[in-house]
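Examining the three-dimensional arrangement
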Amino acid sequence: MDKLEFDQHTSKEYNNELEDVRNHLLKMGGMVENQLRKAMLSLKDKSAELAQDVLTKGDVIDEMEIKLDSECTRIIAKRQPAASDLRLIIAVMKSITDLERIGDQAEKVAFVAKDLIRLDYHSPFFVEIDHLGQKVLGVLSASLNALARLDADQAIELVEKDEIINAHFNELNDHIINQMVKTPHALQSLLRLTHGAKALERIGDHAKNICEYTIYLVKGKDIRHSDIQQVKDKFFD
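Cut-offs applied
Residues numbered from 1 in each chain as written. Predicted model: local features only at pLDDT ≥ 70, side-chain atom pairs only at ≥ 80, totals over all residues. Heavy atoms only, no water. Helix = DSSP H or I, 4+ residues; strand = E, 2+ residues; numbered from the N terminus. Rg over C-alpha atoms; globule rule 2.2 N^0.38 Å. Buried < 20%, exposed > 50% of the residue type's maximum accessible area, 1.4 Å probe, protein only. Contact = heavy atoms within 4.5 Å. Areas by Shrake-Rupley, 256 points an atom, 1.4 Å probe, with all protein chains shown as cover. Lys, Arg positive; Asp, Glu negative; His and termini not counted. Charge placed at Lys NZ, Arg CZ, Asp CG, Glu CD. Axes fitted to C-alpha atoms, helices over the stretch in contact; angles between N-to-C directions. Parallel < 35°, antiparallel > 145°, perpendicular 65-115°, else oblique. Left-handed = near helix turned anticlockwise from the far one by under 90°. Phe/Tyr/Trp six-rings, centres within 6.5 Å; stacked < 30°, edge-to-face > 60°. Lys NZ or Arg CZ within 6 Å of the ring centre and 35° of its normal. Core = buried A, V, L, I, M, F, W, Y, C linked by side-chain atoms within 4.5 Å. Nonpolar A, V, L, I, M, F, W, Y, C, P; charged D, E, K, R; others polar. Arc of directions from axis to C-beta.

So, on to the overall build of the protein. A tally of regular secondary structure across the protein gives 8 helices and 0 strands. Put simply, the protein runs from its N terminus to its C terminus through helices and strands in the order α-α-α-α-α-α-α-α. Taking 237 residues into account, the globule formula puts the C-alpha radius of gyration at 18 Å, and the protein, at 20 Å, falls close to it. Along the three orthogonal principal directions, the C-alpha set of the protein runs to about 70 × 40 × 20 Å. Split into buried and exposed, the 237 residues of the protein put 49% on the buried side. Within the protein, residue pairs in contact and separated by at least 24 positions form 82% of the contacts whose partners lie at least 6 positions apart. In the form shown here, the protein has an accessible surface area of approximately 11,800 Å², with 50% of it arising from carbon and sulfur atoms. Once the 32 positive and 41 negative side-chain charges of the protein are each reduced to a mean point, those two points are 1 Å apart.

With that out of the way, let us pick up the packing of helix α1 (residues 12–44) against helix α4 (residues 83–119). Close contact between α1 and α4 brings their axes to 9 Å; oriented N to C, the two are set at 15 degrees. Relative to α4, α1 is oriented roughly parallel. Crossing of α1 over α4 shows left-handed handedness.

With that out of the way, let us pick up the packing of aromatic side chains. With the rule as written, the count across this model stands at 1 aromatic pair. The interplanar angle of 45 degrees and the centroid separation of 6.3 Å between the aromatic rings of Tyr121 and Phe126 together place this pair among those described as tilted. We classify Phe126 as buried; its relative accessible area is 10%. Looking at Lys46, its charged tip hangs above the ring of Phe126, at a distance of 4.3 Å from the centre. Above the plane of the ring of Phe236 lies Lys219, whose end atom (NZ or CZ) is 4.8 Å from the centre.

So, on to the nonpolar core. Leu36, Leu193 and Leu200 are the most contacted members of the largest nonpolar core, which totals 73 residues. Elements with a minimum of two residues in this core: α1, α2 (48–56), α3 (58–79), α4, α5 (125–149), α6 (152–182), α7 (187–219) and α8 (228–235).

This part takes up unusual backbone geometry. Its identity is not glycine, yet Lys46 carries a phi of approximately 55 degrees, on the positive side. Given the relative accessible area of 33%, Lys46 is considered partly exposed. Backbone geometry places Gln80, a non-glycine residue, at a positive phi of 45 degrees. Within the element layout of this structure, Gln80 appears in the loop between α3 and α4.

Further remarks concern the packing of α1 against α2. Their axes nearest at 8 Å, the elements α1 and α2 cross at an angle of 150 degrees. Between α1 and α2, the interaxial angle falls into the category roughly antiparallel. Two packed elements cross with a definite hand, and for α1 against α2 that hand is left-handed. On the side of α1, the interface is formed by Gln35, Lys38, Ala39, Leu41 and Ser42, while α2 contributes Leu50, Ala51, Asp53 and Val54. Taken together, the residues of the contact of α1 with α2 sort by class into 5 nonpolar, 2 polar and 2 charged.

For α2, the set of buried residues is Ala51, Val54 and Leu55. Buried residues of α2, seen end-on, are gathered within an arc of 100 degrees and therefore sit on one face of the element. Opposite the buried face of α2, by more than 90 degrees, sit the exposed residues Glu49 and Thr56. On the buried face of α2, the contacting elements are α1, α3 and α4.

Next up, the structure:
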C-alpha cells in the first residue's frame, strides 16, 4: 500500500483542514452505507417504517455534500494546494458527488419497498434482489475502506468486480422481464422490482468511481475509461 503524507505543512491549521475534510468524507460515506443497508432491509423485511427512515434522512446527506463541497472550494481558494494535497481535494469533491448519488439510489430502493408493501406483492425475486444488494453493499463498504486506508491495491481489485455486479443485474433483469410476459397482471409490481435492481446496479457504478478516485489519489493516475489490465501492469506490482 502506498503511503501519502498530508501533514508536512508549516501551517498546523492547514493540516487540520485537510484532515477534517478527509474525516467528513468518511463520515458521509458511513451514513450513505447505512442508508443502503436500511433500504435493503426494508425491502427484505417489507418494513415501511425502515423505508420511510431512509427517505427522511436523505436531506442530511444532501446537506453534507453541499457543506463539504463548499469547504473544499474554500481550501482551494485560500491554500492553493499542489501535488498530493490537490489530488486529495479533487478526490474528495468527486467522491462526495458519487456518495450523494448513492444516497439517491438508496432512496429509490426505499421507494420500491414502500410501493411493493402497498401492492402486497410477494415474489421469489425478493431473494435475488437481496443477493444483488448484498454484493453491492459489500463493494461499497470495501471501496470506502480502500479510500480510508489509501489502499490502491484493494481499489483496483474492486474496480474489476464491477463486471460481476453488472452480470448479476443483467441476469436478474432478464428473469424479471420473462416473468412480465408470463404474468402481465403483475406488471406494475415487476416494474418496481426492475427499478430497485437498476438502482443497486447504479450504486455499484458509483462505488467503482470512488475506487478510481482512490487510485488517482494514491498513484496520481486517472484510470477512468482505461483498460484495467494495462493499468495493473503499468502502475501495480
